[in-house]
Amino acid sequence: MADKQRWANWAGTVTADAVDVYAPRDTADVAEAVALAACTGRKVKPIGSGHSFTAVGQPVDLQLQMQRVSGVVAHDVSTGRVRVRAGTPLHVLNPALERLGLAMPNLGDIDRQTISGALSTGTHGTGLRFTGLSGFVVGVEMVLADGSIVRYDDAHRPDLVPAAALGLGALGVVTEYELQCVPAFLLKAHEAPSTLDAVLGSLDETVDAADHFEFYWFPHTDRVLTKTSTRISDPGQRAPLPRWREVLDDQLLSNTLFEGINRLTTAVPQAIPRVNQVSGRALSERTYTDSSYKIFATQRTVRFRESEFAVPRAVVPELLAELKAYCDRRDELVAFPVEVRFAAADDRWLSTAFGRETGYVAIHQYHRRDHRAYFDAFWSMLRSIEGARPHWGKMHDLTAADLRPRYERYDDFVALRDELDPERVFENPYLATVLG
Ligand SMILES: Cc1cc2nc3c(=O)[nH]c(=O)nc-3n(C[C@H](O)[C@H](O)[C@H](O)COP(=O)(O)OP(=O)(O)OC[C@H]3O[C@@H](n4cnc5c(N)ncnc54)[C@H](O)[C@@H]3O)c2cc1C
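None of the values given here were measured: they were computed from a predicted structure.

Trainee: Would you take a moment to explain the overall build of the protein chain for this structure?
Mentor: Looking only at helices and strands, the protein chain has 14 helices and 19 strands in total. Computed over C-alpha atoms, the radius of gyration of the protein chain comes to 21 Å, within 12% of the 22 Å expected from 2.2 N^0.38 for 436 residues, which places it in the range of a compact globule. In terms of principal-axis extent, the alpha carbons of the protein chain reach across some 60 × 50 × 40 Å. For the protein chain, the residues scored as buried account for 59% of the 436 residues in total.

In structure tokens, the structure reads:
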């Protein structure tokens, strides 16, 4: 039933040679594949769009490609509850929800991920009044290691929803989620240039006041681009960017020109500080209003590597000051902006925002440049920050021993995994490292 294929993730940081792949059609197919693999001692790993930078999705024996397990199964507009199959990509889910008059309350900055990949790794957007995506999960249907099918929801083991909603693929193969959506809404986005000092000087007030606030800081400079999005329920206020401006700003400046800049600065890294000054100035102020999912997500065609850590919200300025001091020393030259976002506290056991308002600081390096010195420096800054938690889908250097004290429910999660997958059918080297 399975073909052999080579697999690589989006960033090219993880590969697997000649693993068996199988694309199940439905829950019954998944259950059969898992039961068969388990009884022959083989490990099973479902995969979404392969957009995780870590080896969280690396297959060992059998890879389940979930693209056929896709689509909205049922919805109730009066409650906002939607049942969706696990392999549904966000760029398919979002317009489907809009046609039903519904929307995801918050989203990250691209829409290429599957709902299961995004949820399993704790994908988040920005906005201090909103949780990451797994916070919207109210039900999970999952195939366990013995091939049995379980459903956790309001009526069956609701206490396990916060574990299974962000499960790292360690508990089972999710086949369906029930999501708590909201009525469809518009977002009015305002992007504006600023300086790091100005943004950090009023960070608390800005983040508290905005529905969704994030900023990008250009290393080796004081230049910043802010994006503030405001939720609007009146559909009459739609005012998208003219198509020419969208093509010019997002495709030409943000992607094509940015790719060119990265190729140039890979060849001539000494040019980076000056190029960042120019890039930081080139992005001009703009305001536009459109369906929420079109504002949350943008296109990212330039390939990069990324590490992102969640820290207590109040620690963000201190971490950025350290990063700035490092970049000012020019030990490493970095052309990619640093991205800063925020999220509400939530109750998902392995969420990077569990139990606290959270700030996220993400660093990137162009895929053709060596990221190691920069990432190592970032990770060493984080060692002294209590409660710093790495995004499960983005590069980090932490192991189970480092992670256990950072999550109140870590031991509960590990115990649940022991109960549901005692033979480690769903294990791979990444899970062995972060869960022990
Ligand atoms: C360009 C880019 C932009 C990004 N932007 C953001 C952002 O704004 N915010 C953010 O938080 N993250 C962001 N990410 C990270 C990304 O959201 C996560 O890595 C996410 O996991 C990717 O989804 P995927 O479908 O590609 O999952 P994959 O990488 O394919 O899989 C991730 C994990 O989910 C597991 N999984 C997949 N399907 C199932 C299933 N059915 N049952 C159980 N486990 C399953 C896999 O086994 C694996 O462990 C970005 C990544 C890239 C490359």
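Trainee: I tried to follow the side chain of histidine 396 on my own but got confused; where do I start?
Mentor: Counting through the fold element by element, histidine 396 comes out in the loop between β19 (389–390) and α12 (400–403). A polar side-chain atom of histidine 396 sits 3.0 Å from the main-chain amide nitrogen of leucine 398.

Trainee: What is the right way to read the sheet that holds strand β15 (residues 286–291) from this model?
Mentor: Backbone-to-backbone hydrogen bonds join strands into a sheet, with any given pair of strands oriented parallel or antiparallel. Reading across the sheet, the 8 strands line up as β15-β12-β14-β13-β17-β18-β16-β19 and stay open at both edges, with antiparallel pairing between neighbours. With one partner strand each, in any of the chains shown, β15 and β19 form the two edges of the open sheet. Across 9 bridges, strand β16 (residues 304–312) lies against strand β18 (residues 358–366) in antiparallel orientation. For serine 307, the partnering residue across the bridge sits in β18 and is isoleucine 363. Most of the contacts of helix α10 (residues 316–329) go to β18, to which it runs at about 20°, and overall it touches β13 (212–217), β16, β17 (338–343) and β18.

Trainee: Would you explain the sheet that holds strand β3 (residues 44–47) in this entry?
Mentor: Strand order in this open sheet of 4 strands is β1-β2-β4-β3, and the pairing throughout is mixed. Pairing within the sheet leaves two strands with one partner each, and these edge strands are β1 (3–8) and β3. Put simply, the sheet's adjacent strands are angled 45° from each other on average, direction ignored. Taken together, the 3 bridges between strand β2 (residues 15–22) and strand β4 (residues 62–65) define a ladder with parallel strand orientation. Its bridge partner being in β4, aspartate 20 is matched across the sheet by leucine 62. Seen against the sheet, helix α1 (residues 27–39) touches β2, β3 and β4 and runs at an angle of roughly 175° to β4.

Trainee: How should I be thinking about the layout of surface pockets in this particular structure?
Mentor: The probe, sized like a water molecule, is rolled over the atoms to show the empty space still left. Estimated volume of the second largest pocket: approximately 860 Å³. For the lining of the second largest pocket, the leading source of residues is helix α7 (residues 243–267), giving 10 residues. Split into classes, the residues belonging to the lining of the second largest pocket amount to 20 nonpolar, 12 polar and 11 charged.

Trainee: Just checking my understanding: could you explain empty space enclosed by the protein for this structure?
Mentor: On inspection of all chains with the given rule, the structure shows 4 cavities of 30 Å³ or more. Considering only enclosed or pocket space, the largest cavity measures out at about 60 Å³ in volume. In this structure, the largest cavity is lined by 13 residues; those nearest its centre are Gly122, Gly132, Asp346, Ser351 and Tyr360. Of the residues belonging to the lining of the largest cavity, the class tally is 5 nonpolar, 7 polar and 1 charged.

Trainee: How do you make sense of the pattern of salt bridges when you look at a structure like this?
Mentor: Oppositely charged side chains are able to pair whenever their charged atoms sit close together. A full pass over the atoms with the stated rule returns 34 salt bridges. Arginine 313 is the salt-bridge partner of glutamate 357, the closest N and O atoms lying 3.1 Å from each other. One end of the pair, glutamate 357, is in the loop between β17 and β18; the other, arginine 313, is in the loop between β16 and α10, with 44 residues separating them in the sequence. Accessibility expressed as a relative area gives 38% for glutamate 357, which makes it partly exposed. Assessed through its relative accessible area of 14%, arginine 313 is described here as buried. Overlapping salt bridges bring together Asp109, Arg300, Glu306, Glu308, Glu339, Arg341 and Lys394 as one network.

Trainee: Help me understand the site of the ligand in this model?
Mentor: Lining the immediate surroundings of the ligand are 35 residues, of which Pro46, His51, Ser52, Thr114 and Thr121 lie closest. Between the ligand and valine 56 there is a distance of 3.1 Å, counted from an oxygen atom to a backbone nitrogen or oxygen. Within the side chain of histidine 391, one N or O atom sits 2.8 Å away from an oxygen atom of the ligand. Where the shell around the ligand is concerned, the elements lending two or more residues are β3, α3 (115–120) and β10 (173–180). Among the elements that make up the shell around the ligand, the one with the highest residue count is α3 (4 residues). Grouping the constituent residues of the shell around the ligand by class yields 13 nonpolar, 18 polar and 4 charged.

Trainee: Sorry if this is basic, but what is going on with the nonpolar core here?
Mentor: Among the nonpolar cores identified, the biggest contains 102 residues, and Met142, Tyr177, Leu179, Phe215, Leu323 and Leu435 are the most heavily contacted of them. Of all the elements, helix α11 (residues 372–383) adds the most residues to this core, at 7 residues.

Trainee: Which parts of the structure should I look at to understand the packing of aromatic side chains?
Mentor: Any pair of aromatic rings gets described here by the distance separating the centres and the angle formed by the planes. One pass over the structure, following the stated rule, counts 12 aromatic pairs. Seen in terms of ring centroids, tyrosine 326 and tyrosine 374 are 6.3 Å apart; in terms of plane orientation they differ by 10°. Their pairing is stacked. Pair noted here: tyrosine 326 is in helix α10 and tyrosine 374 is in helix α11, with a separation of 48 residues, a long-range link. You'll find tyrosine 326 and tyrosine 374 in the same group, each marked buried. A cation over an aromatic ring shows up here: arginine 231 above the ring of phenylalanine 185, its NZ or CZ 3.9 Å from the ring centre. The ring of tyrosine 407 has arginine 389 lying over it, and the distance from NZ or CZ to the ring centre is 4.9 Å.

Calculation rules
- Residues numbered from 1 in each chain as written.
- Predicted model: local features only at pLDDT ≥ 70, side-chain atom pairs only at ≥ 80, totals over all residues.
- Heavy atoms only, no water.
- Helix = DSSP H or I, 4+ residues; strand = E, 2+ residues; numbered from the N terminus.
- Rg over C-alpha atoms; globule rule 2.2 N^0.38 Å.
- Buried < 20%, exposed > 50% of the residue type's maximum accessible area, 1.4 Å probe, protein only.
- Polar contact = N/O pair within 3.5 Å; in protein donor to acceptor, adjacent residues only side chain to side chain.
- Pairing = 2+ DSSP bridges.
- Contact = heavy atoms within 4.5 Å.
- Axes fitted to C-alpha atoms, helices over the stretch in contact; angles between N-to-C directions.
- 1 Å grid on protein atoms, 1.4 Å probe; cavity = no way out; pocket = protein on both sides within 12 Å on 5 of 7 lines; lining within 4 Å.
- Points joined across faces, edges and corners; volume = space filled by probe spheres on them.
- Nonpolar A, V, L, I, M, F, W, Y, C, P; charged D, E, K, R; others polar.
- Salt bridge = Lys/Arg side-chain N within 4 Å of Asp/Glu carboxyl O.
- Near = heavy atom within 4 Å.
- Core = buried A, V, L, I, M, F, W, Y, C linked by side-chain atoms within 4.5 Å.
- Phe/Tyr/Trp six-rings, centres within 6.5 Å; stacked < 30°, edge-to-face > 60°.
- Lys NZ or Arg CZ within 6 Å of the ring centre and 35° of its normal.

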